[in-house]
Amino acid sequence: MPPTLASLVHHSALKLTVRAAGDRLDVPVRWAHVSELADPVPYMEGGELLLITALKLDAEDPEAMRRYVKRLATAGVVGLGFAVGVNYEEIPAALVDAAEEEGLPLLEVPRRTPFLAISKAVSAAIAADQYRAVTAGFAAQRELTRQALNAGPEGLLAALAAQVDGWTALYDASGAVVAAAPEWAARRAERLTADIERLRDRAAPASAVVGGPETEDRVELHSIGTGRRPRAALAVGTAATLGTAERYAVHSAVALLTLTTERSRSLHAAEQRIGAAVLRMLLAGQPDHARAVAGDLYGGLLDAPFRVIVAESASASAARAHAGAHARVRPAAPSQAAVLAAADPGADPLTALAEVVEAAAARSGEAVLVVPDGERLVVLAADGGAAVAVCGQYAAALEAARAEAVREQSGGGDEDELVVGLSGPAGPIAAAAAYKQAEQALSVARRRGRVLVEHEQLASGSVLPLLADDAVRAFADGLLRALYEHDATGRGDLVASLRAWLSRHGQWDAAAADLGVHRHTLRYRMRRVEEILGRSLDDPDVRMELWLALKATSTE
(Lines give C-alpha, C1' and ligand atoms only; values in the text may rest on other atoms or scores of the structure.)
Protein backbone atom coordinates (compact mmCIF):
# COMPACT_ATOMS: atom_id res chain seq x y z
CA MET A 1 0.00 0.00 0.00
CA PRO A 2 1.28 3.53 -0.77
CA PRO A 3 1.58 5.96 2.17
CA THR A 4 -1.64 7.59 3.37
CA LEU A 5 -2.35 10.59 5.56
CA ALA A 6 -3.30 8.14 8.29
CA SER A 7 0.07 6.39 8.12
CA LEU A 8 1.86 9.75 8.36
CA VAL A 9 -0.27 10.77 11.35
CA HIS A 10 0.66 7.50 13.05
CA HIS A 11 4.36 7.97 12.25
CA SER A 12 5.86 8.32 15.71
CA ALA A 13 8.74 10.56 14.63
CA LEU A 14 6.62 13.19 12.88
CA LYS A 15 4.22 14.06 15.71
CA LEU A 16 1.49 15.29 13.36
CA THR A 17 -1.92 16.30 14.71
CA VAL A 18 -5.20 16.25 12.79
CA ARG A 19 -7.06 19.59 12.95
CA ALA A 20 -9.76 19.12 10.28
CA ALA A 21 -11.46 16.38 8.19
CA GLY A 22 -10.12 13.57 10.31
CA ASP A 23 -12.47 11.10 8.61
CA ARG A 24 -10.63 11.43 5.29
CA LEU A 25 -7.15 10.25 6.21
CA ASP A 26 -7.23 7.00 4.23
CA VAL A 27 -6.37 8.68 0.91
CA PRO A 28 -2.97 7.79 -0.58
CA VAL A 29 -0.23 10.42 -0.76
CA ARG A 30 1.72 10.58 -4.02
CA TRP A 31 4.22 13.17 -2.78
CA ALA A 32 4.87 15.84 -0.16
CA HIS A 33 5.40 19.30 -1.64
CA VAL A 34 6.40 22.61 0.00
CA SER A 35 5.05 25.84 -1.47
CA GLU A 36 4.47 29.30 0.01
CA LEU A 37 2.81 30.62 -3.16
CA ALA A 38 -0.55 32.28 -2.75
CA ASP A 39 -1.75 29.99 -5.58
CA PRO A 40 0.35 26.81 -5.93
CA VAL A 41 -2.34 24.99 -7.97
CA PRO A 42 -0.61 25.43 -11.37
CA TYR A 43 2.28 23.37 -10.01
CA MET A 44 0.19 20.55 -8.56
CA GLU A 45 -0.52 17.19 -10.28
CA GLY A 46 -2.95 15.80 -7.72
CA GLY A 47 -2.39 13.47 -4.77
CA GLU A 48 0.06 15.76 -2.95
CA LEU A 49 0.33 16.67 0.72
CA LEU A 50 0.99 20.42 0.58
CA LEU A 51 3.20 21.82 3.36
CA ILE A 52 3.00 25.54 4.20
CA THR A 53 3.91 28.12 6.89
CA ALA A 54 1.43 30.72 5.46
CA LEU A 55 4.29 33.10 4.75
CA LYS A 56 2.34 34.86 1.98
CA LEU A 57 -1.19 34.02 3.03
CA ASP A 58 -3.67 36.00 5.09
CA ALA A 59 -4.55 32.91 7.05
CA GLU A 60 -6.89 34.81 9.33
CA ASP A 61 -9.19 35.99 6.51
CA PRO A 62 -12.13 33.53 6.31
CA GLU A 63 -13.07 34.41 2.73
CA ALA A 64 -9.47 34.21 1.49
CA MET A 65 -9.00 30.85 3.20
CA ARG A 66 -12.21 29.44 1.72
CA ARG A 67 -11.03 30.36 -1.78
CA TYR A 68 -7.53 28.99 -1.10
CA VAL A 69 -8.70 25.68 0.32
CA LYS A 70 -11.33 25.20 -2.39
CA ARG A 71 -8.72 25.61 -5.14
CA LEU A 72 -6.44 23.09 -3.46
CA ALA A 73 -9.22 20.52 -3.10
CA THR A 74 -10.32 21.05 -6.71
CA ALA A 75 -6.74 20.50 -7.90
CA GLY A 76 -6.60 17.11 -6.16
CA VAL A 77 -4.44 18.05 -3.19
CA VAL A 78 -5.16 15.35 -0.58
CA GLY A 79 -4.01 17.16 2.55
CA LEU A 80 -2.57 20.39 3.94
CA GLY A 81 0.22 20.46 6.50
CA PHE A 82 0.56 23.71 8.50
CA ALA A 83 3.77 24.40 10.45
CA VAL A 84 3.03 26.16 13.73
CA GLY A 85 5.50 28.33 15.63
CA VAL A 86 6.91 29.90 12.46
CA ASN A 87 4.54 32.62 11.19
CA TYR A 88 1.62 31.59 13.40
CA GLU A 89 1.79 30.08 16.85
CA GLU A 90 -1.25 28.00 16.05
CA ILE A 91 -3.35 27.31 12.99
CA PRO A 92 -5.75 30.25 12.43
CA ALA A 93 -9.39 29.39 12.94
CA ALA A 94 -10.29 30.71 9.47
CA LEU A 95 -8.10 28.06 7.87
CA VAL A 96 -9.38 25.30 10.15
CA ASP A 97 -13.00 26.19 9.37
CA ALA A 98 -12.34 26.39 5.61
CA ALA A 99 -10.61 22.98 5.62
CA GLU A 100 -13.40 21.39 7.64
CA GLU A 101 -16.03 22.90 5.37
CA GLU A 102 -14.28 21.68 2.21
CA GLY A 103 -13.41 18.26 3.69
CA LEU A 104 -9.67 18.75 3.14
CA PRO A 105 -7.58 17.08 5.89
CA LEU A 106 -5.54 19.67 7.81
CA LEU A 107 -2.49 18.48 9.75
CA GLU A 108 -0.62 20.50 12.34
CA VAL A 109 3.15 20.21 11.99
CA PRO A 110 5.06 20.98 15.20
CA ARG A 111 8.02 23.34 15.01
CA ARG A 112 10.47 20.56 15.82
CA THR A 113 9.37 18.54 12.77
CA PRO A 114 11.01 19.91 9.62
CA PHE A 115 9.19 19.65 6.32
CA LEU A 116 12.16 17.66 5.06
CA ALA A 117 11.38 14.90 7.55
CA ILE A 118 7.85 14.61 6.20
CA SER A 119 9.13 14.52 2.61
CA LYS A 120 11.62 11.79 3.52
CA ALA A 121 8.92 9.78 5.27
CA VAL A 122 6.65 9.97 2.21
CA SER A 123 9.54 9.12 -0.13
CA ALA A 124 10.64 6.18 2.02
CA ALA A 125 7.08 4.84 2.19
CA ILE A 126 6.67 5.13 -1.58
CA ALA A 127 10.00 3.37 -2.15
CA ALA A 128 9.04 0.61 0.28
CA ASP A 129 5.70 0.18 -1.46
CA GLN A 130 7.41 -0.04 -4.84
CA TYR A 131 9.91 -2.55 -3.47
CA ARG A 132 7.08 -4.67 -2.12
CA ALA A 133 5.34 -4.46 -5.48
CA VAL A 134 8.49 -5.47 -7.37
CA THR A 135 9.12 -8.31 -4.95
CA ALA A 136 5.53 -9.46 -5.26
CA GLY A 137 5.80 -9.12 -9.02
CA PHE A 138 8.87 -11.36 -9.15
CA ALA A 139 7.14 -13.90 -6.91
CA ALA A 140 4.10 -13.80 -9.21
CA GLN A 141 6.34 -14.21 -12.24
CA ARG A 142 7.95 -17.31 -10.73
CA GLU A 143 4.54 -18.78 -9.91
CA LEU A 144 3.13 -17.98 -13.33
CA THR A 145 6.18 -19.51 -15.01
CA ARG A 146 5.85 -22.64 -12.90
CA GLN A 147 2.18 -22.97 -13.78
CA ALA A 148 2.83 -22.35 -17.48
CA LEU A 149 5.45 -25.12 -17.54
CA ASN A 150 3.46 -27.61 -15.48
CA ALA A 151 -0.16 -26.92 -16.42
CA GLY A 152 0.04 -24.91 -19.64
CA PRO A 153 -2.03 -21.81 -20.39
CA GLU A 154 -4.91 -23.04 -18.22
CA GLY A 155 -2.69 -23.19 -15.14
CA LEU A 156 -1.21 -19.81 -15.94
CA LEU A 157 -4.67 -18.25 -16.20
CA ALA A 158 -5.73 -19.72 -12.86
CA ALA A 159 -2.59 -18.40 -11.16
CA LEU A 160 -3.03 -14.95 -12.72
CA ALA A 161 -6.69 -14.79 -11.64
CA ALA A 162 -5.58 -15.48 -8.06
CA GLN A 163 -2.84 -12.83 -8.27
CA VAL A 164 -5.19 -10.06 -9.41
CA ASP A 165 -8.17 -11.28 -7.36
CA GLY A 166 -10.34 -11.39 -10.44
CA TRP A 167 -10.86 -13.47 -13.55
CA THR A 168 -8.87 -14.15 -16.71
CA ALA A 169 -9.59 -15.52 -20.18
CA LEU A 170 -7.58 -16.46 -23.25
CA TYR A 171 -8.92 -15.98 -26.80
CA ASP A 172 -7.65 -17.49 -30.04
CA ALA A 173 -7.07 -15.54 -33.26
CA SER A 174 -10.77 -15.76 -34.17
CA GLY A 175 -11.89 -14.17 -30.90
CA ALA A 176 -13.24 -17.41 -29.43
CA VAL A 177 -12.62 -18.17 -25.75
CA VAL A 178 -10.26 -21.14 -25.42
CA ALA A 179 -9.69 -21.05 -21.64
CA ALA A 180 -10.89 -19.08 -18.63
CA ALA A 181 -10.35 -18.98 -14.86
CA PRO A 182 -12.44 -19.45 -12.82
CA GLU A 183 -14.74 -21.54 -15.04
CA TRP A 184 -17.67 -19.13 -14.69
CA ALA A 185 -15.55 -16.41 -16.32
CA ALA A 186 -15.99 -18.04 -19.74
CA ARG A 187 -19.55 -16.66 -19.96
CA ARG A 188 -18.36 -13.18 -19.03
CA ALA A 189 -15.48 -13.38 -21.50
CA GLU A 190 -17.74 -14.39 -24.38
CA ARG A 191 -19.53 -11.05 -24.12
CA LEU A 192 -16.29 -9.27 -25.07
CA THR A 193 -15.93 -10.84 -28.52
CA ALA A 194 -16.57 -7.54 -30.32
CA ASP A 195 -13.88 -5.80 -28.25
CA ILE A 196 -11.43 -8.62 -29.01
CA GLU A 197 -12.13 -8.26 -32.74
CA ARG A 198 -11.37 -4.55 -32.56
CA LEU A 199 -8.14 -5.29 -30.70
CA ARG A 200 -7.24 -7.89 -33.33
CA ASP A 201 -7.41 -5.26 -36.06
CA ARG A 202 -4.62 -3.28 -34.37
CA ALA A 203 -0.94 -4.07 -34.77
CA ALA A 204 0.58 -6.01 -31.87
CA PRO A 205 1.34 -5.24 -29.12
CA ALA A 206 -1.97 -3.61 -28.34
CA SER A 207 -4.12 -3.20 -25.24
CA ALA A 208 -7.46 -1.71 -24.28
CA VAL A 209 -9.59 -1.17 -21.20
CA VAL A 210 -13.32 -1.82 -21.32
CA GLY A 211 -16.03 -1.61 -18.69
CA GLY A 212 -18.63 -4.28 -18.31
CA PRO A 213 -22.38 -3.71 -18.58
CA GLU A 214 -23.48 -1.46 -15.75
CA THR A 215 -19.81 -1.23 -14.71
CA GLU A 216 -19.85 -4.78 -13.27
CA ASP A 217 -16.05 -4.93 -13.58
CA ARG A 218 -13.02 -3.41 -15.23
CA VAL A 219 -11.46 -5.50 -18.01
CA GLU A 220 -8.04 -5.09 -19.57
CA LEU A 221 -7.44 -6.66 -22.98
CA HIS A 222 -3.93 -7.46 -24.21
CA SER A 223 -2.87 -8.84 -27.59
CA ILE A 224 -0.57 -11.88 -27.60
CA GLY A 225 2.14 -12.45 -30.21
CA THR A 226 5.01 -10.66 -31.90
CA GLY A 227 3.78 -10.73 -35.49
CA ARG A 228 1.94 -8.08 -37.43
CA ARG A 229 -1.32 -9.64 -36.36
CA PRO A 230 -2.05 -10.92 -32.83
CA ARG A 231 -2.16 -14.69 -32.47
CA ALA A 232 -4.31 -14.55 -29.32
CA ALA A 233 -5.63 -12.16 -26.68
CA LEU A 234 -5.72 -12.06 -22.87
CA ALA A 235 -8.56 -10.55 -20.82
CA VAL A 236 -8.11 -9.65 -17.15
CA GLY A 237 -11.21 -8.64 -15.19
CA THR A 238 -10.98 -6.97 -11.78
CA ALA A 239 -13.19 -4.93 -9.50
CA ALA A 240 -10.76 -1.99 -9.45
CA THR A 241 -7.71 -0.61 -11.25
CA LEU A 242 -4.70 -2.89 -11.08
CA GLY A 243 -1.99 -2.09 -8.53
CA THR A 244 1.72 -2.17 -9.24
CA ALA A 245 2.17 -5.81 -8.19
CA GLU A 246 -0.87 -6.89 -10.19
CA ARG A 247 0.45 -4.96 -13.18
CA TYR A 248 3.76 -6.85 -12.99
CA ALA A 249 1.82 -10.12 -12.89
CA VAL A 250 -0.23 -9.23 -15.98
CA HIS A 251 2.85 -8.18 -17.95
CA SER A 252 4.57 -11.43 -16.97
CA ALA A 253 1.54 -13.42 -18.13
CA VAL A 254 1.52 -11.59 -21.48
CA ALA A 255 5.22 -12.36 -21.95
CA LEU A 256 4.80 -16.03 -21.06
CA LEU A 257 1.79 -16.45 -23.32
CA THR A 258 3.69 -14.75 -26.14
CA LEU A 259 6.59 -17.17 -25.68
CA THR A 260 4.12 -20.06 -25.68
CA THR A 261 2.51 -18.73 -28.86
CA GLU A 262 5.81 -18.32 -30.67
CA ARG A 263 6.90 -21.78 -29.56
CA SER A 264 3.56 -23.10 -30.80
CA ARG A 265 4.22 -21.46 -34.15
CA SER A 266 7.51 -23.34 -34.49
CA LEU A 267 5.82 -26.58 -33.47
CA HIS A 268 3.05 -25.87 -35.97
CA ALA A 269 5.62 -25.57 -38.76
CA ALA A 270 7.13 -28.92 -37.74
CA GLU A 271 3.69 -30.53 -37.57
CA GLN A 272 2.93 -29.15 -41.00
CA ARG A 273 6.01 -30.86 -42.43
CA ILE A 274 4.89 -34.15 -40.89
CA GLY A 275 1.42 -33.55 -42.33
CA ALA A 276 2.90 -33.03 -45.79
CA ALA A 277 4.71 -36.36 -45.53
CA VAL A 278 1.53 -38.11 -44.39
CA LEU A 279 -0.38 -36.62 -47.31
CA ARG A 280 2.23 -37.72 -49.85
CA MET A 281 2.09 -41.28 -48.53
CA LEU A 282 -1.69 -41.36 -48.65
CA LEU A 283 -1.76 -40.11 -52.23
CA ALA A 284 0.91 -42.65 -53.16
CA GLY A 285 -1.31 -45.46 -51.89
CA GLN A 286 0.71 -46.19 -48.74
CA PRO A 287 -1.88 -45.86 -45.94
CA ASP A 288 0.05 -48.11 -43.51
CA HIS A 289 3.18 -46.00 -43.80
CA ALA A 290 1.06 -42.87 -43.48
CA ARG A 291 -0.43 -44.17 -40.22
CA ALA A 292 3.02 -44.93 -38.85
CA VAL A 293 4.28 -41.43 -39.60
CA ALA A 294 1.08 -39.74 -38.40
CA GLY A 295 1.33 -41.37 -34.97
CA ASP A 296 -0.73 -39.66 -32.30
CA LEU A 297 -0.55 -36.33 -34.13
CA TYR A 298 -2.80 -37.25 -37.07
CA GLY A 299 -3.56 -40.90 -36.36
CA GLY A 300 -7.05 -40.15 -35.05
CA LEU A 301 -7.88 -38.37 -38.28
CA LEU A 302 -7.15 -41.55 -40.26
CA ASP A 303 -9.31 -43.76 -38.05
CA ALA A 304 -12.60 -42.32 -39.34
CA PRO A 305 -13.94 -41.04 -42.66
CA PHE A 306 -12.40 -37.75 -43.71
CA ARG A 307 -12.80 -35.29 -46.52
CA VAL A 308 -10.17 -33.72 -48.74
CA ILE A 309 -10.34 -29.98 -49.36
CA VAL A 310 -8.32 -28.45 -52.20
CA ALA A 311 -8.27 -24.66 -52.42
CA GLU A 312 -6.65 -22.17 -54.77
CA SER A 313 -6.56 -18.42 -54.98
CA ALA A 314 -8.33 -17.02 -58.00
CA SER A 315 -5.05 -15.95 -59.57
CA ALA A 316 -3.83 -19.56 -59.56
CA SER A 317 -7.21 -20.81 -60.76
CA ALA A 318 -7.23 -18.25 -63.54
CA ALA A 319 -3.81 -19.40 -64.68
CA ARG A 320 -4.96 -23.01 -64.71
CA ALA A 321 -8.12 -22.08 -66.61
CA HIS A 322 -6.20 -19.90 -69.12
CA ALA A 323 -7.36 -16.56 -67.74
CA GLY A 324 -10.98 -15.67 -68.31
CA ALA A 325 -12.36 -19.15 -68.71
CA HIS A 326 -15.39 -18.30 -66.61
CA ALA A 327 -17.53 -15.27 -66.05
CA ARG A 328 -16.02 -13.36 -63.12
CA VAL A 329 -18.05 -12.31 -60.12
CA ARG A 330 -16.58 -9.43 -58.17
CA PRO A 331 -15.01 -10.82 -54.99
CA ALA A 332 -15.31 -9.35 -51.54
CA ALA A 333 -13.03 -6.49 -50.63
CA PRO A 334 -10.47 -7.32 -47.91
CA SER A 335 -12.31 -5.21 -45.36
CA GLN A 336 -15.45 -7.29 -45.97
CA ALA A 337 -13.63 -10.60 -45.81
CA ALA A 338 -12.06 -9.59 -42.50
CA VAL A 339 -15.39 -9.71 -40.72
CA LEU A 340 -16.37 -13.13 -42.05
CA ALA A 341 -14.32 -15.22 -39.62
CA ALA A 342 -10.92 -15.59 -38.04
CA ALA A 343 -9.12 -14.50 -41.17
CA ASP A 344 -6.36 -11.96 -41.43
CA PRO A 345 -7.57 -9.25 -43.86
CA GLY A 346 -3.97 -8.66 -44.91
CA ALA A 347 -3.23 -12.33 -45.60
CA ASP A 348 -3.60 -14.15 -48.90
CA PRO A 349 -6.83 -16.15 -49.34
CA LEU A 350 -5.20 -19.53 -48.68
CA THR A 351 -3.61 -18.37 -45.42
CA ALA A 352 -6.93 -16.88 -44.35
CA LEU A 353 -8.76 -20.15 -45.04
CA ALA A 354 -6.09 -22.13 -43.18
CA GLU A 355 -6.52 -19.89 -40.12
CA VAL A 356 -10.29 -20.36 -40.15
CA VAL A 357 -10.10 -24.14 -40.48
CA GLU A 358 -7.35 -24.60 -37.87
CA ALA A 359 -9.10 -22.34 -35.35
CA ALA A 360 -12.36 -24.27 -35.72
CA ALA A 361 -10.57 -27.62 -35.33
CA ALA A 362 -8.69 -26.38 -32.25
CA ARG A 363 -11.91 -25.21 -30.58
CA SER A 364 -13.62 -28.56 -31.20
CA GLY A 365 -10.56 -30.62 -30.24
CA GLU A 366 -10.40 -32.48 -33.56
CA ALA A 367 -7.31 -33.25 -35.63
CA VAL A 368 -6.91 -31.52 -38.97
CA LEU A 369 -4.14 -31.83 -41.55
CA VAL A 370 -3.38 -28.56 -43.37
CA VAL A 371 -0.67 -28.62 -46.04
CA PRO A 372 0.30 -25.67 -48.26
CA ASP A 373 1.17 -27.16 -51.66
CA GLY A 374 2.60 -24.49 -53.90
CA GLU A 375 -0.30 -22.40 -55.15
CA ARG A 376 -2.75 -24.73 -53.43
CA LEU A 377 -3.88 -25.53 -49.92
CA VAL A 378 -4.75 -29.17 -49.18
CA VAL A 379 -6.75 -30.04 -46.06
CA LEU A 380 -7.75 -33.39 -44.59
CA ALA A 381 -10.56 -32.91 -42.08
CA ALA A 382 -12.92 -35.25 -40.27
CA ASP A 383 -16.17 -35.85 -42.10
CA GLY A 384 -18.97 -34.03 -40.27
CA GLY A 385 -16.47 -32.15 -38.11
CA ALA A 386 -16.11 -28.49 -37.26
CA ALA A 387 -13.33 -27.87 -39.80
CA VAL A 388 -15.44 -29.00 -42.76
CA ALA A 389 -18.46 -27.10 -41.45
CA VAL A 390 -16.59 -23.83 -40.99
CA CYS A 391 -15.08 -24.18 -44.47
CA GLY A 392 -18.61 -24.26 -45.91
CA GLN A 393 -19.71 -21.36 -43.70
CA TYR A 394 -16.70 -19.29 -44.73
CA ALA A 395 -17.36 -19.97 -48.40
CA ALA A 396 -21.03 -19.05 -48.01
CA ALA A 397 -20.09 -15.81 -46.27
CA LEU A 398 -17.66 -14.98 -49.09
CA GLU A 399 -20.40 -15.67 -51.66
CA ALA A 400 -22.73 -13.29 -49.80
CA ALA A 401 -20.03 -10.63 -49.59
CA ARG A 402 -19.38 -10.98 -53.32
CA ALA A 403 -23.04 -10.48 -54.12
CA GLU A 404 -23.11 -7.40 -51.91
CA ALA A 405 -19.98 -6.05 -53.59
CA VAL A 406 -21.58 -6.50 -57.02
CA ARG A 407 -24.70 -4.63 -55.88
CA GLU A 408 -22.56 -1.80 -54.57
CA GLN A 409 -20.28 -1.91 -57.60
CA SER A 410 -17.25 -2.16 -55.34
CA GLY A 411 -14.71 -4.80 -54.45
CA GLY A 412 -11.13 -5.88 -54.78
CA GLY A 413 -9.32 -7.63 -57.58
CA ASP A 414 -9.35 -11.27 -58.52
CA GLU A 415 -6.36 -11.86 -56.27
CA ASP A 416 -8.69 -11.71 -53.28
CA GLU A 417 -10.90 -14.52 -54.60
CA LEU A 418 -10.91 -18.09 -53.34
CA VAL A 419 -11.91 -21.31 -55.10
CA VAL A 420 -12.45 -24.51 -53.11
CA GLY A 421 -13.24 -28.11 -54.01
CA LEU A 422 -14.53 -30.59 -51.40
CA SER A 423 -14.42 -34.37 -51.83
CA GLY A 424 -16.88 -36.91 -50.55
CA PRO A 425 -16.14 -38.96 -47.39
CA ALA A 426 -13.22 -41.35 -47.77
CA GLY A 427 -10.73 -43.44 -45.81
CA PRO A 428 -6.95 -43.76 -46.03
CA ILE A 429 -7.12 -46.40 -48.78
CA ALA A 430 -9.23 -44.11 -50.99
CA ALA A 431 -7.30 -40.89 -50.23
CA ALA A 432 -6.01 -40.55 -53.81
CA ALA A 433 -9.55 -40.92 -55.18
CA ALA A 434 -10.81 -38.34 -52.70
CA TYR A 435 -8.06 -35.94 -53.77
CA LYS A 436 -9.14 -36.42 -57.39
CA GLN A 437 -12.73 -35.72 -56.39
CA ALA A 438 -11.68 -32.49 -54.69
CA GLU A 439 -9.72 -31.45 -57.80
CA GLN A 440 -12.76 -32.14 -59.99
CA ALA A 441 -14.99 -30.12 -57.68
CA LEU A 442 -12.39 -27.33 -57.71
CA SER A 443 -12.42 -27.29 -61.50
CA VAL A 444 -16.21 -27.01 -61.53
CA ALA A 445 -16.13 -24.23 -58.95
CA ARG A 446 -13.62 -22.37 -61.08
CA ARG A 447 -15.79 -22.73 -64.20
CA ARG A 448 -19.00 -21.73 -62.44
CA GLY A 449 -17.49 -18.74 -60.64
CA ARG A 450 -18.32 -20.33 -57.26
CA VAL A 451 -16.27 -20.20 -54.07
CA LEU A 452 -16.92 -23.83 -53.09
CA VAL A 453 -18.33 -26.90 -54.82
CA GLU A 454 -18.73 -30.33 -53.21
CA HIS A 455 -18.06 -33.38 -55.33
CA GLU A 456 -21.38 -34.84 -54.23
CA GLN A 457 -23.11 -31.90 -55.93
CA LEU A 458 -21.66 -32.83 -59.32
CA ALA A 459 -23.71 -36.01 -59.74
CA SER A 460 -26.89 -34.33 -58.55
CA GLY A 461 -26.49 -31.34 -60.85
CA SER A 462 -26.48 -30.89 -64.61
CA VAL A 463 -23.62 -31.20 -67.09
CA LEU A 464 -24.84 -28.16 -68.98
CA PRO A 465 -23.16 -25.55 -66.74
CA LEU A 466 -19.86 -27.20 -67.61
CA LEU A 467 -20.36 -26.06 -71.21
CA ALA A 468 -19.87 -22.45 -70.11
CA ASP A 469 -16.20 -22.69 -71.04
CA ASP A 470 -14.37 -20.72 -73.71
CA ALA A 471 -12.74 -23.83 -75.15
CA VAL A 472 -16.11 -25.61 -75.44
CA ARG A 473 -17.72 -22.56 -77.00
CA ALA A 474 -14.87 -22.22 -79.47
CA PHE A 475 -15.36 -25.87 -80.50
CA ALA A 476 -19.11 -25.35 -80.84
CA ASP A 477 -18.71 -22.20 -82.92
CA GLY A 478 -16.27 -23.97 -85.23
CA LEU A 479 -18.50 -27.00 -85.62
CA LEU A 480 -21.65 -24.99 -86.42
CA ARG A 481 -20.09 -22.03 -88.25
CA ALA A 482 -20.81 -23.42 -91.74
CA LEU A 483 -24.48 -23.93 -90.84
CA TYR A 484 -24.80 -20.40 -89.45
CA GLU A 485 -23.15 -19.00 -92.58
CA HIS A 486 -25.56 -20.98 -94.76
CA ASP A 487 -28.58 -19.68 -92.84
CA ALA A 488 -27.27 -16.11 -93.05
CA THR A 489 -27.67 -16.23 -96.86
CA GLY A 490 -31.40 -16.88 -96.47
CA ARG A 491 -31.24 -20.30 -98.09
CA GLY A 492 -32.91 -22.19 -95.23
CA ASP A 493 -32.98 -22.50 -91.47
CA LEU A 494 -30.66 -25.45 -91.00
CA VAL A 495 -29.62 -24.68 -87.37
CA ALA A 496 -33.20 -24.48 -86.07
CA SER A 497 -34.13 -27.59 -88.09
CA LEU A 498 -31.19 -29.53 -86.68
CA ARG A 499 -32.07 -28.48 -83.13
CA ALA A 500 -35.72 -29.53 -83.58
CA TRP A 501 -34.78 -32.89 -85.17
CA LEU A 502 -32.27 -33.73 -82.41
CA SER A 503 -34.66 -32.67 -79.64
CA ARG A 504 -37.26 -35.07 -81.11
CA HIS A 505 -34.70 -37.92 -81.21
CA GLY A 506 -34.85 -38.08 -85.03
CA GLN A 507 -38.66 -38.40 -85.26
CA TRP A 508 -39.45 -36.75 -88.60
CA ASP A 509 -43.16 -36.08 -88.17
CA ALA A 510 -42.85 -34.61 -84.67
CA ALA A 511 -39.87 -32.41 -85.55
CA ALA A 512 -41.52 -31.23 -88.80
CA ALA A 513 -44.65 -30.33 -86.84
CA ASP A 514 -42.58 -28.27 -84.40
CA LEU A 515 -41.05 -26.37 -87.33
CA GLY A 516 -44.31 -26.05 -89.27
CA VAL A 517 -42.86 -27.67 -92.39
CA HIS A 518 -43.47 -30.91 -94.33
CA ARG A 519 -41.40 -33.91 -93.27
CA HIS A 520 -39.87 -34.14 -96.76
CA THR A 521 -38.62 -30.56 -96.37
CA LEU A 522 -37.04 -31.51 -93.05
CA ARG A 523 -35.43 -34.60 -94.66
CA TYR A 524 -33.95 -32.40 -97.36
CA ARG A 525 -32.55 -29.99 -94.72
CA MET A 526 -30.91 -32.79 -92.73
CA ARG A 527 -29.25 -34.08 -95.94
CA ARG A 528 -27.91 -30.52 -96.46
CA VAL A 529 -26.57 -30.52 -92.89
CA GLU A 530 -24.70 -33.78 -93.57
CA GLU A 531 -23.33 -32.39 -96.87
CA ILE A 532 -22.17 -29.09 -95.33
CA LEU A 533 -20.61 -30.67 -92.21
CA GLY A 534 -19.29 -33.76 -93.94
CA ARG A 535 -20.68 -35.94 -91.16
CA SER A 536 -23.37 -38.57 -90.95
CA LEU A 537 -26.31 -37.96 -88.62
CA ASP A 538 -26.67 -41.73 -88.28
CA ASP A 539 -23.55 -41.66 -86.04
CA PRO A 540 -24.64 -41.26 -82.38
CA ASP A 541 -21.34 -39.56 -81.50
CA VAL A 542 -21.96 -36.94 -84.19
CA ARG A 543 -25.51 -36.37 -82.94
CA MET A 544 -24.16 -35.99 -79.36
CA GLU A 545 -21.48 -33.50 -80.43
CA LEU A 546 -23.96 -31.46 -82.43
CA TRP A 547 -26.47 -31.38 -79.56
CA LEU A 548 -23.82 -30.26 -77.05
CA ALA A 549 -22.59 -27.65 -79.50
CA LEU A 550 -26.11 -26.30 -79.90
CA LYS A 551 -26.52 -26.19 -76.09
CA ALA A 552 -23.14 -24.49 -75.64
CA THR A 553 -23.99 -21.76 -78.12
CA SER A 554 -27.35 -21.22 -76.44
CA THR A 555 -25.87 -20.58 -72.94
CA GLU A 556 -24.61 -17.08 -73.73
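Residue numbering note: each chain is counted from 1, following its sequence as written. Selection of residues for local features in this predicted model requires a pLDDT of at least 70, selection of side-chain atom pairs for listing and counting requires 80 or more, and totals for whole chains, interfaces and linings are taken over all residues. The basis for every side-chain value is the complete set of non-hydrogen atoms in the structure, without hydrogens or water.

Focus on a negative patch on the surface
Rule in force here: Patches here: salt-bridge-free residues with over 30% relative accessible area, like charges joined within 9 Å, nonpolar side chains (Val, Leu, Ile, Met, Phe, Trp, Tyr) joined within 5 Å. Using the Shrake-Rupley algorithm and a 1.4 Å probe, accessible areas are obtained, with residue cover drawn only from the displayed protein chains. Salt bridge, as applied in this entry: a Lys or Arg side-chain nitrogen positioned within 4 Å of an Asp or Glu carboxyl oxygen. The sign given to each residue is positive for Lys and Arg and negative for Asp and Glu; His and the chain ends receive no count. Where a charge lies is defined by one atom per residue type, namely NZ (Lys), CZ (Arg), CG (Asp) and CD (Glu). Counting from the N terminus, the helices are DSSP H or I runs at least four residues long and the strands are E runs at least two residues long. Only protein chains enter the accessibility calculation, which uses a 1.4 Å probe; a residue is then buried when its area is under 20% of its type maximum, exposed when over 50%, and partly exposed in between.
On the surface, Asp23, Asp26, Asp97, Glu100 and Glu101 cluster together into a negatively charged patch. In this structure, Glu100 sits in helix α3 (residues 93–102). The class of Glu100 is partly exposed, set by a relative accessible area of 46%.

Things to note about a nonpolar patch on the surface
Taken together, the side chains of Ile274, Val293 and Leu297 define a hydrophobic patch exposed on the protein surface, amounting to about 190 Å² of accessible area. Summarising the element assignment, Leu297 is placed in helix α8 (residues 287–298). Exposure remark for Leu297: the relative accessible area of 31% places this residue in the partly exposed category.

As for the sheet that holds strand β12 (residues 368–373)
How we decide: At least two bridges found by DSSP between two strands is the condition for calling them paired. For helices, the fitted axis covers only the stretch in contact; all axes are lines through C-alpha atoms, and the angles between them, taken along N-to-C directions, range from 0 to 180 degrees. Should any heavy atoms of two residues lie within 4.5 Å, those residues are counted as being in contact.
Taken in spatial order, the five strands line up as β12-β13-β11-β14-β15 in an open sheet, and their pairing is mixed. The open sheet terminates on both sides in strands that have one partner only, identified here as β12 and β15 (452–454). Neighbouring strand axes in the sheet, compared pairwise and without regard to direction, differ in orientation by 15 degrees on average. In the sheet, strand β11 (residues 306–313) pairs with strand β13 (residues 376–382) via seven bridges, with the strands oriented antiparallel. Note on β13: the bridge partner recorded for Arg307 is Ala381. With respect to the sheet, helix α13 (residues 431–448) is in contact with β11, β12, β13, β14 (418–422) and β15, its orientation differing from that of β14 by roughly 140 degrees.

Regarding the pairing of strand β9 (residues 218–224)
Within β9, six of the seven residues are buried, which leaves it mostly tucked inside the rest of the structure. Sheet topology places strand β8 (residues 207–211) next to β9; five bridges connect them, and they run antiparallel. Looking at the pairing, Ser207 lines up with His222 of β9. Across seven bridges, the pairing between β9 and strand β10 (residues 232–238) is antiparallel. The residue of β10 that forms the bridge with Ser223 is Ala233.

That is the geometry; function is a separate question.
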